[in-house]
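Spelled out from the first residue to the last, the chains are:
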Amino acid sequence: MTQDELKQAVAAAAIAYVVDGEIIGVGTGSTANFFIDALATIKHRIKGAVASSEATAARLRAHGIEVYDLNDVASIAVYIDGADEINATGAMIKGGGAALTREKIVASVAARFVCIADASKLVDTLGRFALPVEVLPMARAAVMRKLTALGGQPRLRLKAHSDAAFVTDNGGEIIDVAGLAIVDPVGLERTINQIPGVIAVGLFAARGADVCLLGGADGVRTLTF
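Residues numbered from 1 in each chain as written. Predicted model: local features only at pLDDT ≥ 70, side-chain atom pairs only at ≥ 80, totals over all residues. Heavy atoms only, no water.

### So, helix α2 (residues 30-39)
- Those residues of α2 that fall on the buried side of the exposure criterion are T31, A32, F35, I36, A38 and L39. Mapping the buried residues of α2 onto a view down its axis gives an arc of 160°, with all of them on the same face.
- Those residues of α2 that are buried are in contact with α1 (3-14), β1 (23-26), α3 (54-62), β3 (78-81) and β6 (113-118). (Buried < 20%, exposed > 50% of the residue type's maximum accessible area, 1.4 Å probe, protein only. Helix = DSSP H or I, 4+ residues; strand = E, 2+ residues; numbered from the N terminus. Arc of directions from axis to C-beta. Contact = heavy atoms within 4.5 Å.)

### Here's the deal with the environment of F34
- Relative to the helices and strands, F34 is located in helix α2.
- In sequence terms F34 and L100 are 66 residues apart; their C-alpha atoms lie 19 Å from each other.
- Once residues within four sequence positions are removed from consideration, F34 is found in contact with D4, K7, Q8 and A11.

### Considering the sheet that holds strand β11 (residues 203-204)
- One open sheet accounts for three strands, arranged β4-β5-β11; its pairing is antiparallel. The two strands at the open ends of the sheet, each matched to only one other strand, are β4 (85-86) and β11.
- Sheet analysis places β4 next to strand β5 (residues 92-93), joined by two bridges and oriented antiparallel. Of the residues in β5, the one forming a bridge with E85 is I93. (Pairing = 2+ DSSP bridges.)

### A closer look at the pattern of salt bridges
- According to the stated counting rule, one finds eleven salt bridges in the structure shown.
- We note a salt bridge from K104 to E189, for which the minimum N-O separation is 2.9 Å. Taken together, the residues span a long stretch of sequence, with K104 in helix α4 (residues 100-109) and E189 in helix α6 (residues 185-193) at a distance of 85 residues. Side by side, K104 and E189 carry an identical accessibility label, which is buried.
- Here D210 makes a salt bridge to R207, at a shortest N to O gap of 3.0 Å.
- The structure contains a network of salt bridges with shared partners spanning D81, K94 and E103. (Salt bridge = Lys/Arg side-chain N within 4 Å of Asp/Glu carboxyl O.)

### Considering the packing of aromatic side chains
- Within this structure, the stated rule accounts for one aromatic pair.
- Both rings, one in Y79 and one in F113, keep their centres 5.0 Å apart while their planes meet at 80°; by these two values the pair is edge-to-face. Of this pair, Y79 sits in strand β3 while F113 sits in strand β6, and the two are 34 residues apart along the sequence.
- Positioned above the aromatic ring of F204, the side-chain terminus of K94 is 5.5 Å from the ring centre. (Phe/Tyr/Trp six-rings, centres within 6.5 Å; stacked < 30°, edge-to-face > 60°. Lys NZ or Arg CZ within 6 Å of the ring centre and 35° of its normal.)

### Re the side chain of E134
- Position of E134 among the secondary structure elements: in strand β7 (residues 131-135).
- No salt bridge is formed by the buried E134; the nearest opposite charge belongs to R102, separated by 7.4 Å.
- Those residues in contact with E134 that lie beyond four places of it in its chain are L100, T101, T168, N170, G172, E173, I174, G197, V198, I199 and A200. (Lys, Arg positive; Asp, Glu negative; His and termini not counted.)

Now the structure itself:
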């Protein structure tokens, strides 16, 4: 199976976790896009969705799914999103699609977090995928020095085919930190969150996944944490 076929398989499997009559939290990225397409086939069963990015909101609306502002929602039954890496405890690195801050906020409100990913995303130790950190633009250099002191190799994310910084939906910039072997995801998440100027770090460890649907050559495997 191709990687896209694996993503489609886990996206389809995630439909089983959708709670009828409720508002669903939806993530950002290629795997989440496959889930949105699958969700559209049962849109009559849900009240609507909360989106973790402008791109996700646009795709949901294009399918005729009502998008709610999180401020108008008291609770979310389930949040479904992909991951750039996930370990055996359900801790993840996210943010390859630059939506880490809103993803983290929506996930924090949800009663259940279901991660959907292909099997290549399961790792023993997080950090092979560069860790995204969203920062206020004025703090970029100061935060990069702190991340270097933590043993990382920070690099500013640029717009495609440009020397300009990539700007998130929140007006922040993304620093991608390579060279980290993250043996204490919860501790590192806490440490980076405390650096002045950091908006959010793409470590989802204090609030990790409750379930992970992993797509592989032998089908979809379910991990619970």
